[in-house]
Amino acid sequence: MNVLGLEARQVDNSPGQKPILYLEGVSVSFDGFKALNNLSLYIDTGELRCLIGPNGAGKTTLMDVITGKTKPDSGSVYFGQTLDLLKMDEPAIAEAGICRKFQKPSVFEMLSVFENLELALATHKGVWATLFAKLNNHQRERIEQVLETIGLTEHRSQLAGILSHGQKQWLEIGMLLMQEPKVMLVDEPVAGMTQQEVERTAQLLLSLQGERSIIVVEHDMEFVRSIAQHRVTVLHEGSVLTEGTMEEVQNDPRVKQVYLGD
Amino acid sequence: MLATLYKQDKLAIGLLGCIALISVLVPVCNLLFPVDSVMHFSAYTVSIMGKYLTFALLGLSLDLIWGYCGILALGQGAFFALGGYAMGMYLMRQIGNRSVYGNPLLPDFMVFLNWTELPWYWLGFDHFGFAALMVLVVPGLLAFVFGWLAFRSRVTGVYLSIITQALTYALLLAFFRNEMGFGGNNGLTDFKDILGFNIQSEAVRGSLLMVSGLVLIGAFMASRWVMLSKLGRVVTAVRDQESRVRFLGYRVEHFKLWVFVLSAMLAGIAGALYVPQVGIINPSEFSPLNSLEIVIWVAIGGRGTLYGAIVGAVLVNYAKTLLTGWAPEIWLFFLGATFILVTIFLPDGLVGFWQRHKHEQKQ
């Protein structure tokens with residue numbers, strides 16, 4: 001047991017499992033600049049995948065494409081083999097089970113921690129259903145559970161705006177959990193965190209893998225090393241440069257050249 | 001419901017009490033006491049109070065869309081005017097053959113234009129029920145179509161504000177035209193009866209004031225209930241972090257549209273209550289300036305609180321009544337200066353200032 005009381009799950013991430021997310025030949029360009037260039041990526045069910053790459057490698061654009069914010073010029077994106085994500089908009093993709101944590105912590109600062117989680121709760125999200133929504137016991141328990149997981153039980157009635165930077169990041173991860181996602185996209189979860197907070201976040205993410213697939217985009221190499229148990233993907237200039245274990249990737253001369261060499 | 005409201009929000013309950021008191025006391029004293037008594041309120045007081053209460057409802061309607069949803073709608077006056085026209089059309093049909101031309105089928109302005117029959121869109125306005133329905137349907141439908149197009153294409157911020165302003169300006173120009181069949185420049189006036197009672201009588205004026213007060217209280221309670229529901233929290237979240245809400249799986253545009261339509265309908269009701277009390281509706285109600293003034297009421301009162309809008313609407317209009325009687329040429333300067341001062345020194349408005357003061361006292 002570690003400080004947080006979370007146990008890191010050991011998951012069999014051996015290849016050969018069915019991919020849950022499938023991107024092939026995706027290209028996106030902005031005013032002639034190719035943000036993604038014929039990119040192909042496959043994420044397995046229950047996998048924790050780390051995506052690294054220098055600035056401008058296309059990491060955030062990739063997340064935008066998966067979550068429906070940006071439509072690619074070409075290529076195909078499938079979720080669970082049958083759902084064509086390119087035909088869906090953001091709320092539909094979120095409902096299907098792909099959730100995203102933004103780079104900059106984006107929680108609802110004028111609402112309490114509890115209310116933030118309440119809004120994220122997986123339930124009917126139509127206007128009328130929301131107007132008459134009342135939490136049942138099961139949903140209340142679920143919120144308590146998530147509060148426990150992200151370590152914010154004591155802060156439940158505080159306004160999210162007065163949380164520390166790290167706590168906001170955890171709250172946002174908590175909001176993702178409330179949505180009961182199949183795939184979590186986590187964009188730079190430890191940016192601006194203290195060393196202690198970074199360690200806690202690593203434990204949190206490790207405890208979450210297995211039940212769902214998690215894609216972590218991160219700059220902090222120390223952090224990636226601490227969570228990358230299986231495969232790491234290196235992006236460069238909008239395409240996949242290489243894929244492998246952290247060790248293989250670190251020893252790849254091309255990677256050293258574009259990213260780790262400095 | 002009142003008990004929990006009282007516990008949570010003493011200011012709101014005090015305000016509701018004031019509204020109830022005004023809307024009962026003023027007409028009753030007007031009717032019961034003789035003109036020379038100190039307890040007597042003049043017919044002028046009755047009509048001006050009634051006007052303030054309809055403005056308060058109009059301010060409340062803007063607070064829903066601006067204060068909670070973050071959409072600075074600069075065309076709220078358009079919905080108010082449309083509601084007013086719907087009521088005005090009913091009142092015109094009640095004139096019958098008592099008009100100047102004495103034509104039992106057509107209002108005077110149509111006779112003047114040599115029209116021989118009533119345009120189709122005037123049909124049904126003989127019935128109060130139909131007119132009352134149109135008071136909700138016309139502003140609501142316009143808000144629905146306009147909002148559906150704007151929110152679906154994700155028009156936000158200043159652009160949206162400008163289009164709403166353009167919307168009310170376009171309606172202003174349209175209603176000015178005689179061929180539109182709404183009385184052109186002069187609008188609709190010279191009303192005689194409402195529901196069979198003489199609209200000029202003190203009893204009817206008093207009743208209109210009471211109804212305005214009741215409707216305002218009802219609208220306040222309903223808006224408060226909506227904003228305390230989960231929908232209210234989603235809407236507040238949209239105001240602060242729109243894309244986050246979308247990634248949580250909510251269709252943001254549906255929520256905006258819902259609040260926008262509700263807000264337009266409330267504004268329409270306000271207009272419908274306003275017209276019989278002032279006795280006229282003309283295209284100047286569509287003036288973009290009117291819509292800007294509503295924004296100023298809400299800003300001064302404090303947005304995102306509901307009662308701030310009511311306080312702001314009443315105070316600003318009271319100041320307007322005083323100042324325009326005393327020195328009409330400085331009114332706009334005064335309004336502008338107040339707006340600037342409030343924006344700089346009381347960014348949360350009077351109510352926000354009061355709340356912060358209370359909060360500090362507690363600590």
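No experiment lies behind these values; they were computed from the predicted model shown. (Residues numbered from 1 in each chain as written. Chains lettered and ligands numbered in written order. Predicted model: local features only at pLDDT ≥ 70, side-chain atom pairs only at ≥ 80, totals over all residues. Heavy atoms only, no water.)

A. Representation of the overall build of chain B. Counting its secondary structure elements, chain B contains 15 helices and 4 strands. Since a compact globule built from 363 residues should have a radius of gyration of about 21 Å, the 21 Å found for chain B is in line with a globular shape. Split into buried and exposed, the 363 residues of chain B put 53% on the buried side. Here the contacts in chain B between residues at least 6 apart in sequence split such that 76% fall between residues at least 24 apart. A total of about 16,500 Å² of accessible surface is found on chain B, and carbon and sulfur atoms cover 69% of it. The distance from the centre of the 23 positive side-chain charges to the centre of the 18 negative ones in chain B is 13 Å. (Helix = DSSP H or I, 4+ residues; strand = E, 2+ residues; numbered from the N terminus. Rg over C-alpha atoms; globule rule 2.2 N^0.38 Å. Buried < 20%, exposed > 50% of the residue type's maximum accessible area, 1.4 Å probe, protein only. Contact = heavy atoms within 4.5 Å. Areas by Shrake-Rupley, 256 points an atom, 1.4 Å probe, with all protein chains shown as cover. Lys, Arg positive; Asp, Glu negative; His and termini not counted. Charge placed at Lys NZ, Arg CZ, Asp CG, Glu CD.)

B. Just the pairing of strand β7 (residues 183–187) of chain A, in detail. Residues and elements named next belong to chain A. Burial of β7 is extensive: 5 of the 5 residues sit out of reach of the surface. Where burial is concerned, the two faces of β7 agree: the one with Val183, Leu185 and Asp187 and the one with Met184 and Val186 are both buried. Judged from the 4 bridges that link them, strand β6 (residues 98–101) and β7 form a sheet pairing that is parallel. By the bridge assignment for β7, Cys99 is matched with Met184. Across 5 bridges, the pairing between β7 and strand β8 (residues 213–217) is parallel. Looking at β8, one finds that Val183 is bridged to Ser213. You can see the chain leave β7, run along helix α7 (residues 195–208) and come back into β8, and the turn it takes is right-handed. (Pairing = 2+ DSSP bridges. Right-handed = clockwise from strand over helix to strand, strands pointing away.)

C. Spatial organisation of the interface of chain A and chain B. On the side of chain B, 24 residues touch chain A, which itself brings 33 residues to the contact. Of the roughly 2,700 Å² buried where chain A meets chain B, counting both sides, 66% is carbon and sulfur surface. The tally of links from chain A across to chain B stands at 4 salt bridges. The closest approach of N and O atoms between Arg251 of chain B and Asp89 of chain A, which form a salt bridge, is 2.5 Å. For the pair chain A and chain B, the interface holds 9 residue pairs in polar contact (both at pLDDT 80 or more). For the side of chain A that touches chain B, the secondary structure elements donating two or more residues are α2 (90–96), β6, α3 (113–120), α4 (127–131) and α6 (165–178) of chain A. Examining the composition of the side of chain A that touches chain B, we find that 5 residues originate from one element, α2 of chain A, more than from any other. Here the side of chain A that touches chain B is built from residues that sort into 17 nonpolar, 6 polar and 10 charged. (Buried area = accessible area lost by both parts, 1.4 Å probe. Salt bridge = Lys/Arg side-chain N within 4 Å of Asp/Glu carboxyl O. Polar contact = N/O pair within 3.5 Å; in protein donor to acceptor, adjacent residues only side chain to side chain. Nonpolar A, V, L, I, M, F, W, Y, C, P; charged D, E, K, R; others polar.)

D. Here's a closer look at the nonpolar core. Among the nonpolar cores identified, the biggest contains 164 residues, and Leu171, Val216 and Ile227 of chain A together with Trp122, Leu188, Phe220 and Phe286 of chain B are the most heavily contacted of them. Not counting chain neighbours up to four residues away, the residues in contact with Leu171 of chain A comprise Val107, Val113, Asn116, Leu117, Ile150, Leu152, Ala160 and Leu163 of chain A. Counting residues in hydrophobic clusters, the runner-up holds 28 residues, among them Val26, Leu41, Met63 and Val183 of chain A. (Core = buried A, V, L, I, M, F, W, Y, C linked by side-chain atoms within 4.5 Å.)

E. Region of the structure containing the side chain of Glu47 of chain A. All names here are of chain A. When you line up the elements, Glu47 lands in the loop between β2 (33–44) and β3 (48–52). Classification of Glu47 by relative accessible area gives buried; the value is 1%. Within the structure, Glu47 has its side chain in polar contact with the side chain of Arg49 (distance 2.8 Å).

F. Local environment of the pattern of salt bridges. According to the stated counting rule, one finds 28 salt bridges over all chains in the structure shown. The shortest N-O distance in the salt bridge between Glu172 of chain A and Lys101 of chain A comes to 3.8 Å. With a gap of 71 residues between them, Glu172 of chain A in helix α6 and Lys101 of chain A in strand β6 connect regions that are remote in the sequence. We note that Glu172 of chain A, like Lys101 of chain A, is buried. Across the pair Asp193 of chain B and Arg98 of chain B runs a salt bridge, and its minimum N-O distance is 2.9 Å. Of this pair, Asp193 of chain B sits in strand β2 (residues 193–194) while Arg98 of chain B sits in the loop between α4 (76–93) and α5 (108–112), placing them 95 residues apart in sequence. Taking the relative accessible area as the measure of exposure, Asp193 of chain B reaches 16% and is therefore buried.

G. Geometry of helix α12 (residues 288–301) of chain B. Residue and element names in this part refer to chain B. Counted at 1.5 Å a residue, the expected span for α12 with its 14 residues is 20 Å, and the 20 Å between its end C-alpha atoms agrees. By the criterion of burial, α12 is predominantly enclosed, with 11 of the 14 residues buried. Turning to α12, its buried residues are Pro288, Ser291, Glu293, Ile294, Val295, Ile296, Trp297, Val298, Ala299, Ile300 and Gly301. Here the buried face of α12 lies against α3 (43–68), α4, α7 (157–176), α13 (307–326), α14 (331–345) and α15 (349–362). Looking one or two places after α12, you find Gly302, whose phi comes out positive at around 115°. (Expected span 1.5 Å × (residues − 1).)

H. Main features of unusual backbone geometry. One non-glycine residue, Asp31 of chain A, adopts positive backbone phi at about 50°. With respect to the helices, strands and loops of the structure, Asp31 of chain A is situated in the loop between β1 (19–30) and β2. In this model, Leu195 of chain B sits at a positive phi of 50°, which is unusual for a non-glycine residue. With respect to the element layout, Leu195 of chain B can be found in the loop between β2 and β3 (197–198).

I. Quick peek at the sheet that holds strand β10 (residues 239–244) of chain A. All names here are of chain A. With mixed pairing, 6 strands are arranged side by side in an open sheet as β6-β7-β8-β3-β9-β10. Single-partner strands in this sheet number two, and they are β6 and β10. For this sheet the average axis-to-axis angle between neighbouring strands, irrespective of direction, equals 20°. Lying on the sheet, α6 is in contact with β6 and β7; it crosses β6 at an angle near 175°. (Axes fitted to C-alpha atoms, helices over the stretch in contact; angles between N-to-C directions.)

J. Representation of the packing of aromatic side chains. One pass over the full model with this rule turns up 25 aromatic pairs over all chains. When the ring of Phe55 of chain B is compared with that of Trp297 of chain B, the centres are 5.2 Å apart and the planes differ by 45°; the resulting orientation is tilted. With Phe55 of chain B in helix α3 and Trp297 of chain B in helix α12, this residue pair connects regions lying 242 residues apart in the sequence. Across the pair, exposure class does not vary: Phe55 of chain B and Trp297 of chain B are buried alike. Taking 5.2 Å as the distance between ring centres and 80° as the angle between the ring planes, the aromatic pair formed by Phe125 of chain B and Phe130 of chain B counts as edge-to-face. We classify Phe130 of chain B as partly exposed; its relative accessible area is 30%. Over the ring of Phe102 of chain A we find Arg100 of chain A; its NZ or CZ atom is 5.0 Å from the centre of that ring. Directly above the ring of Trp148 of chain B sits Arg152 of chain B, whose terminal nitrogen or CZ lies 4.4 Å from the centroid. (Phe/Tyr/Trp six-rings, centres within 6.5 Å; stacked < 30°, edge-to-face > 60°. Lys NZ or Arg CZ within 6 Å of the ring centre and 35° of its normal.)

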